[in-house]
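As a plain string of letters, each chain reads:
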Amino acid sequence: MKPKVFITRAIPEKGLTLIRRVCDADVWQGHLPPSRETLLARVRGVDGILSLLTDKIDAAVMDAAGAQLKVISNYAVGYDNIDLAAAAARGIAVGNTPGILTDTTADFAFALLMAAARRVVEGERFVRAGKWQTWEPMQLLGTDIHGATLGIIGFGRIGKAMARRATGFGMRILYLQRRATADPDAAALGAVGVDWETLLRESDFVSLHTPLTPQTHHLMDARAFQLMKKSAMLINTARGGVVDPDALYSALKKGEIAFAALDVTEPEPIPADSPLLTLENVLITPHLGSASVATRDKMAVMAAENLLAGVRGEPLPNAVKRET
Ligand code: DGY
């Protein structure tokens, strides 16, 4: 009998084909994620779950699946939607999709930085609103990227890829150095490790690339914004929860920082009545960091490979290691 798996959304066909060859796959076809009730019902009796970052996979879901559940394969590099302790306690392997989306996500973070600095979205709105009457010396003036200082919080794969891009633009690069010794890749990237206050005080752009954990939840709070330059811009392509949205609103409204470009929000999607949406100095995109055709295909294959290894009881090619 084929192993049974539940896939919480239609992922690219390249991954689904691999899975269907081996498994009896139930694919949720909804445009929106399955409701909690549906998720609990549809996982019953499955050997594997392929989940998205929109699905909360906690102990209740694992128990609803049953003792035969062997693997949870997340279609994302982030896995803050999965209760790793509950999975470990039940002997369930957890997989993710690291590496392959690094450059695609850094490309998008840099695109947000450039759009924020050079007022690309405001300019486009201006033209569509029929306001472009002539070339003006003072119209929609932005901030130079070359020569500016970029502060990177979260100097992992994506943070370093962001640094590589910044090098090409002649930026000064700072990264948040939490350990006593410098990151081994820092020198080659021309990045200088600094402490929290220095990074916030000296950066013209602060870009977030840290996972969401209890330690990073609302890391960017009122105090952090007060430390930043009034002209500084925040870029978030990590997780919405790393930023306190009320503190961000207040900092943008009061002019404590100049601009925020957010690809991720807390909650997601951002509610239509969020005060942030009333501000002109905010650019928000719908969590598009890894959204290129090629990368989503690679993520589908990697998530499928994790799922298939898991249902066979083999080690996952990309297993999430729980930090203890
Ligand atoms: C991830 O992989 O964690 C991104 O947020 C979506 O690709």
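The structure displayed is predicted, hence computed values, not measured ones. (Residues numbered from 1 in each chain as written. Predicted model: local features only at pLDDT ≥ 70, side-chain atom pairs only at ≥ 80, totals over all residues. Heavy atoms only, no water.)

Look at helix α7 (residues 157-168): 17 Å from first C-alpha to last across twelve residues, which is about the 16 Å you get at 1.5 Å a residue. Residues of α7 that are buried include every one of I158, G159, K160, A161, M162, A163, R165 and A166, and no others. Here the buried face of α7 lies against α5 (102-117), β6 (149-153), β7 (172-176), α8 (186-189) and β9 (205-208). Among the residues trailing α7, G170 stands out with phi positive, at a value near 65°. (Helix = DSSP H or I, 4+ residues; strand = E, 2+ residues; numbered from the N terminus. Expected span 1.5 Å × (residues − 1). Buried < 20%, exposed > 50% of the residue type's maximum accessible area, 1.4 Å probe, protein only. Contact = heavy atoms within 4.5 Å.)

This paragraph deals with the packing of α5 against α7. Axis separation between α5 and α7 bottoms out at 8 Å; the angle between their running directions is 55°. Regarding the angle of α5 to α7, the classification is oblique. Judged by the sense of rotation from one axis to the other, the crossing of α5 with α7 is right-handed. Counted together, T102, D103, T105, A106, D107, A109, F110 and L113 of α5 and R157, I158, A161, M162, R164, R165 and A166 of α7 form the full contact between these two elements. Classifying every residue of the contact of α5 with α7 gives eight nonpolar, two polar and five charged. (Axes fitted to C-alpha atoms, helices over the stretch in contact; angles between N-to-C directions. Parallel < 35°, antiparallel > 145°, perpendicular 65-115°, else oblique. Left-handed = near helix turned anticlockwise from the far one by under 90°. Nonpolar A, V, L, I, M, F, W, Y, C, P; charged D, E, K, R; others polar.)

Right, let's get into the domain arrangement of the protein chain. For an interface, size is often stated in terms of accessible area lost upon the parts coming together. Along its sequence, the protein chain is carved into domain 1 (4-98 + 293-311) and domain 2 (102-284). Here the C-alpha centroids of domain 1 and domain 2 sit 32 Å apart. Taken together, the contacts link five residues of domain 1 with four residues of domain 2. Roughly 460 Å² is buried in total at the junction of domain 1 and domain 2, and carbon and sulfur atoms are behind 49% of that figure. Summed over the shared surface of domain 1 and domain 2, the number is one salt bridge. Residue classes in the side of domain 1 that touches domain 2 are distributed as two nonpolar, two polar and one charged. (Domains from an automatic or database assignment. Buried area = accessible area lost by both parts, 1.4 Å probe. Salt bridge = Lys/Arg side-chain N within 4 Å of Asp/Glu carboxyl O.)

This paragraph deals with the sheet that holds strand β1 (residues 4-7). Strand order in this open sheet of five strands is β2-β1-β3-β4-β5, and the pairing throughout is parallel. Whereas interior strands pair on both sides, the edge strands pair on one side only; in this sheet they are β2 (24-27) and β5 (93-95). Sheet twist, expressed as the average angle between the axes of neighbouring strands with direction ignored, equals 15°. Alignment of strand β3 (residues 48-51) against strand β4 (residues 71-74), held across four bridges, turns out to be parallel. (Pairing = 2+ DSSP bridges.)

What follows covers the sheet that holds β6. Taking strand neighbours across the sheet as the criterion, the seven strands line up as β8-β7-β6-β9-β10-β11-β12 in an open arrangement whose pairing is parallel. Of all strands in the sheet, those with a lone pairing partner are β8 (191-194) and β12 (282-284), marking the two edges. On average, each strand axis in the sheet is inclined to that of its neighbour by 20°, with strand direction left out of account. Two elements, β6 and β9, share four bridges in a ladder whose sense is parallel. Looking at β9, one finds that G151 is bridged to V206. Sitting on the sheet, α7 touches β6, β7 and β9, and the angle it makes with β6 is about 170°.

A word on unusual backbone geometry. Residue P267 is bonded to the preceding E266 through a cis peptide linkage, with omega at -5°. In this structure, P267 sits in the loop between β11 (259-262) and β12. Phi is positive for L140, which is not a glycine, with a value near 45°. Tracing the backbone shows L140 in the loop between α6 (120-128) and β6. In this structure, H218 takes a positive phi of about 55° despite not being glycine. Looking at where H218 falls in the secondary structure, it is placed in the loop between β9 and α10 (222-227). Overall, H218 belongs to the partly exposed group, its relative accessible area being 22%.

Another aspect to go through is the environment of A85. Mapped onto the secondary structure, A85 falls in helix α4 (residues 84-89). C-alpha separation for the pair A85 and V242, spaced 157 residues apart in sequence, amounts to 21 Å.

Around the ligand sit L53, A76, V77, G78, L101, R239, H287, S290 and M299, and those are all the residues in its vicinity. H287 places a side-chain nitrogen or oxygen 2.7 Å from an oxygen atom of the ligand. In the model, an oxygen atom of the ligand is placed 2.6 Å from a nitrogen or oxygen of the S290 side chain. Coverage of the ligand by the protein chains reaches 91% of its 230 Å² of free accessible surface. Residues that form the shell around the ligand fall into these classes: five nonpolar, three polar and one charged. (Near = heavy atom within 4 Å. Polar contact = N/O pair within 3.5 Å; in protein donor to acceptor, adjacent residues only side chain to side chain. Areas by Shrake-Rupley, 256 points an atom, 1.4 Å probe, with all protein chains shown as cover.)

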